[in-house]
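Here is how the chains run, residue by residue.
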Amino acid sequence: MTLKPLLAAAALLLAACASVPMPAQTSADTSAPQWRLAIHGGAGVITRGSMTPEQEAEFRAGLEAALAAGAEVLRNGGSAVDAVQAAVIPMEDNPIFNAGVGAVFTAEGRHELDASIMDGRDRNAGAVAGVTIVKNPILAARAVMDKSEHVMFAGAGADMFAVHQGLEIVPNSYFDTERRRKSLDRVLDEMARTEAADRHGTVGAVAIDIHGNLAAATTTGGMTAKTPGRVGDSPLIGAATYAENGVCAVSATGHGEYFIRVGVAKTICDRVKLAGESVGEAAQVALDEVAALGGDGGVVLIDAQGRPDFVFNSEGMYRGWIDATGSWTAIYGDDEAVE
Ligand code: ASP
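Residues numbered from 1 in each chain as written. Predicted model: local features only at pLDDT ≥ 70, side-chain atom pairs only at ≥ 80, totals over all residues. Heavy atoms only, no water.

## A closer look at the nonpolar core
Point 1. Counting 51 residues, the largest nonpolar core has Leu 37, Ile 39, Val 84, Met 91 and Ile 117 as the members making the most contacts within it.
Point 2. Sort the elements by how many residues they give to this core and helix H3 (residues 80–92) lands first, with eight residues.
Point 3. In this structure, Val 272, Val 279, Val 300 and Val 311 belong to the second largest nonpolar core, which totals 41 residues. (Core = buried A, V, L, I, M, F, W, Y, C linked by side-chain atoms within 4.5 Å. Buried < 20%, exposed > 50% of the residue type's maximum accessible area, 1.4 Å probe, protein only. Helix = DSSP H or I, 4+ residues; strand = E, 2+ residues; numbered from the N terminus.)

## Observations concerning the site of the ligand
Point 1. Taken together, twelve residues lie around the ligand, and Gly 201, Thr 202, Arg 230, Asp 233 and Gly 254 are the ones closest in.
Point 2. Between the ligand and Thr 202, the relevant distance is 2.6 Å, taken from an oxygen atom to a side-chain nitrogen or oxygen of the residue.
Point 3. The separation between a nitrogen atom of the ligand and a polar side-chain atom of Asp 233 is 2.5 Å.
Point 4. Considering the ligand on its own, with 270 Å² of exposed area, one finds that the protein chains cover 100% of that surface.
Point 5. Tallied by class, the residues present in the shell around the ligand amount to one nonpolar, nine polar and two charged. (Near = heavy atom within 4 Å. Polar contact = N/O pair within 3.5 Å; in protein donor to acceptor, adjacent residues only side chain to side chain. Areas by Shrake-Rupley, 256 points an atom, 1.4 Å probe, with all protein chains shown as cover. Nonpolar A, V, L, I, M, F, W, Y, C, P; charged D, E, K, R; others polar.)

## A word on the pattern of salt bridges
Point 1. All chains considered together, the criterion is met by 17 salt bridges.
Point 2. A salt bridge links Glu 72 to Arg 75, with the shortest nitrogen-to-oxygen separation between them at 3.4 Å. Residue Glu 72 and its partner Arg 75 are both found in helix H2 (residues 53–75); the two are separated by three residues, about one turn of the helix.
Point 3. For Arg 75, a relative accessible area of 47% translates into the label partly exposed. (Salt bridge = Lys/Arg side-chain N within 4 Å of Asp/Glu carboxyl O.)

## Considering the pairing of strand S12 (residues 326–332)
Point 1. Most of S12 sits out of view: five of its seven residues are buried.
Point 2. In sequence, strand S11 (residues 316–323) turns back onto S12 through a hairpin of two residues. (Pairing = 2+ DSSP bridges.)

The structure is reproduced here in structure tokens:
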């Protein structure tokens, strides 16, 4: 049995209720027990006409590479937590995304990166905030989860933890890209009037493995021209990242201050758990709260049955899913599902 008609009806219903652009619903066949991975590469003012065909192709290729890396883990029986980590690493290593190399600049022209990861099996979690020399911040977050008794390290202590864990260390200038330097110059010029798309972006992944375990990961450079020391939602468990087996997994992107204030990821999972809402319904409520406070962004979701969903109140969100039956990527708010 296909859920397509149901998903389409739900999309119409939500679109009718919300004043925000609705993303296209996916049409993944959810009848077979299987693994699935869904990712995002940031949300914002991403409109048709604002990107060249070459840029669009670059983003799609970047999403596809991330999906392929995560799928490789899941296809071979690997865990959801290994899969979300594997999926975000190629995006951290790809300068087009605001994570790892290509991270945005702080107002002082440096980079401070945030990342978090959560395993739905036991709700163990790890996070780093404001790391400056760790090539792949998600690996530092994972090391915090696996190798320490803590959940989060910040600043110099987080960098030092990564050094002691033997992670790959790079000079802060490794993260520099010309594109982000130009964004910084523009944002510093127009500080008060900057378009959201120019200021943020983030990458993230959620997954379900063949054993039904859920996991989520989020990693970012934060917001362009952020004040040094500013920490967004991305490294905060419950704000941008949450995973609980039998409930849902969430990774968020958007204007972090609002996602922190709403506690977006935990709000979504709690609504699913306590109110019996679908992940899409719960996410719409949380994002409506974000919008009511003045924020924008989106979430990528997967539920206990492995159904993926994408909800955002920005014009677009780089996003995609993959499973044993196929894959799908999208950029704009009105992108259609691909069978
Ligand atoms: N949420 C990130 C932050 O506020 C940025 C983003 O996702 O666009 O740091």
